[in-house]
Structure formats: C-alpha cells, structure tokens
Amino acid sequence: MKIPDRRIELFTGTGSEHRFSGPATGDERDMLVAVLHAQRATLRLKCSGLESELALRSVSPSSLSLLGLVRHLADVERRWFRAVLAGHDVELCFSSTNVPEGDFDGAVPDPEVVAASWAAWHAEVAFAEAFVAEASHLDVEGHDAWRGTVSLRWVLIHMIEEYARHNGHADLIRERIDGAVGV
C-alpha cells in the first residue's frame, strides 16, 4: 500500500534548513535560546516573499495579519526584555493604553509601515538576544505589573510559547494568502 504524500512539509525558503538545528541536550540556556531562535526564524520565514500581502487579514471581523503579528511580537519582545528585565522606561512600539490594538489595527499595506514594522521587530530581537547573551544566569529577575517578579528563564519559556502560538496563526494566514503550507 502506497503511503499518501503529506500536504504539509517543512516550509522552504532562505534559512529554513537550519531553523531546528539547535542542541537537543546540554546547557539549559543554549537549548532555550535555540528553540526561541527557531520560533523567531519561523515567523520570518512565514512572512518571506510578501509585501502588501502581509497586511491581509485572516477572516472578518478579525484584525489578525502577518504584519500585525510582526508588530505584536516586536511589542512583546520590547516589553519583556527591554522594559521588564532590563528595567528601561520605554513605551511599546505599536500599542499603548490609548491604542491597545495598535499593533494589529495599524498593520496596513503601506511600504513604509511594513519597513518600520520589520525594523522595530529586528531591533527588539537584537536587544533581547544581546540581553540574554550578557545575562550572568537565567535567574536574573525583573518586575512586571501583571506577573510580579519574573526570571529570565520564565521570560524565555513565555516567549517560546508566544511565538509558537502566533506561528500557528501565521501558518493559516500564509496558506490563505498564497497556498504556502508547512512547518
């Protein structure tokens, strides 16, 4: 009996072949960082090759879009690494108390908005990666008004969960845009 071909394979594109090559044993920090790196790379990959399509919404009335996810995750990176753990007094890039859905609602198919959104996401990821690399241990703590005291370890685990959940959304949105499917 012939086994049917799978409809979904590894999503291909620049860098896709190395996304899941991090260590499976060894140092806790190395494993957490590698899994988070793979999740960030998956978001980049799911958005690759798209321009204005990045702002296409999933289904009405949702405001969910790939660009909205990029903007949302830039804010999430900024909040946990820059504001909570590093203690910087900064506003989020796209959302605020007055505009709580600014990350998704502001995701419009304008090349300047797309470029600014990617620039913010890259800047926040770079800050987070540098912060983690320079941290003396995973028990470095910060204070968050929502969660109270949190450790770097908890933030890394939370970020993996955050990216994994939203990469599931990205799978569905990307398939709806151009039929591209895969892990």
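Up top is the structure these notes are about.
Let us look at the structure shown here. Small disclaimer: the values here were computed from a predicted structure and weren't measured. (Residues numbered from 1 in each chain as written. Predicted model: local features only at pLDDT ≥ 70, side-chain atom pairs only at ≥ 80, totals over all residues. Heavy atoms only, no water.)

Assigned secondary structure in the protein chain consists of five helices and two strands. For the protein chain, the α and β elements follow one another from N to C terminus as α-α-α-α-β-β-α. Burial analysis of the protein chain (183 residues in total) assigns 45% to the buried set. Once local pairs closer than 6 in sequence are excluded, the contacts in the protein chain between residues at least 24 apart make up 70%. Of the roughly 9,900 Å² that the protein chain leaves accessible, carbon and sulfur atoms contribute 56%. (Helix = DSSP H or I, 4+ residues; strand = E, 2+ residues; numbered from the N terminus. Buried < 20%, exposed > 50% of the residue type's maximum accessible area, 1.4 Å probe, protein only. Contact = heavy atoms within 4.5 Å. Areas by Shrake-Rupley, 256 points an atom, 1.4 Å probe, with all protein chains shown as cover.)

This paragraph deals with the side chain of Ser117. With respect to the element layout, Ser117 can be found in helix H4 (residues 111–134). A residue is classified by how much of its surface remains accessible, and Ser117, at 0% relative accessible area, is buried. If we ignore the near neighbours within four places in the chain, the residues touching Ser117 are Leu67, Val70, Arg71 and Phe94.

What follows deals with the packing of H4 against helix H5 (residues 152–178). Where H4 contacts H5, the axes come no closer than 12 Å and their chain directions differ by 145°. At the point where H4 passes H5, the crossing takes the left-handed sense. For the pair H4 and H5, the contacting residues are Trp121, Val125, Phe131 and Val132 in the first and Leu152, Leu156 and Tyr163 in the second. Residues of the contact of H4 with H5, tallied by class, amount to seven nonpolar, no polar and no charged. (Axes fitted to C-alpha atoms, helices over the stretch in contact; angles between N-to-C directions. Left-handed = near helix turned anticlockwise from the far one by under 90°. Nonpolar A, V, L, I, M, F, W, Y, C, P; charged D, E, K, R; others polar.)

With that settled, consider the pairing of strand S2 (residues 148–151). Relative to S2, strand S1 (residues 141–144) runs antiparallel, the two being bridged by four bridges. Each residue of the ladder has a partner; that of Asp144, found in S2, is Gly148. Following S1, the chain reverses through three residues before pairing antiparallel with S2. (Pairing = 2+ DSSP bridges.)

Between its first and last C-alpha atoms H4 spans 34 Å; for 24 residues at 1.5 Å apiece the expected length is 34 Å, and the two agree. Residues of H4 that are buried include every one of Val113, Val114, Ser117, Trp118, Ala120, Trp121, Glu124, Val125, Phe127, Ala128, Phe131 and Val132, and no others. (Expected span 1.5 Å × (residues − 1).)

We now examine the packing of aromatic side chains. This structure, assessed with the given rule, holds four aromatic pairs. Judged by centre distance (6.1 Å) and plane angle (55°), the rings of Trp80 and Trp146 are tilted. Of this pair, Trp80 sits in helix H2 (residues 66–85) while Trp146 sits in the loop between S1 and S2, placing them 66 residues apart in sequence. Classification of Trp146 as exposed rests on a relative accessible area of 55%. The interplanar angle of 85° and the centroid separation of 5.6 Å between the aromatic rings of Trp118 and Trp121 together place this pair among those described as edge-to-face. Taken together, the positions of Trp118 and Trp121, both in helix H4 and three residues apart, correspond to about one turn of that helix. Both residues of the pair, Trp118 and Trp121, belong to the buried class. Aromatic ring contacts, followed pair by pair, group Trp80, Trp146 and Trp154 into a single cluster. Looking at Arg79, its charged tip hangs above the ring of Trp80, at a distance of 4.2 Å from the centre. Sitting over the face of the ring of Trp146, Arg147 holds its NZ or CZ atom 5.6 Å from the ring centroid. (Phe/Tyr/Trp six-rings, centres within 6.5 Å; stacked < 30°, edge-to-face > 60°. Lys NZ or Arg CZ within 6 Å of the ring centre and 35° of its normal.)

Honestly, it's all geometry; don't read function into it.
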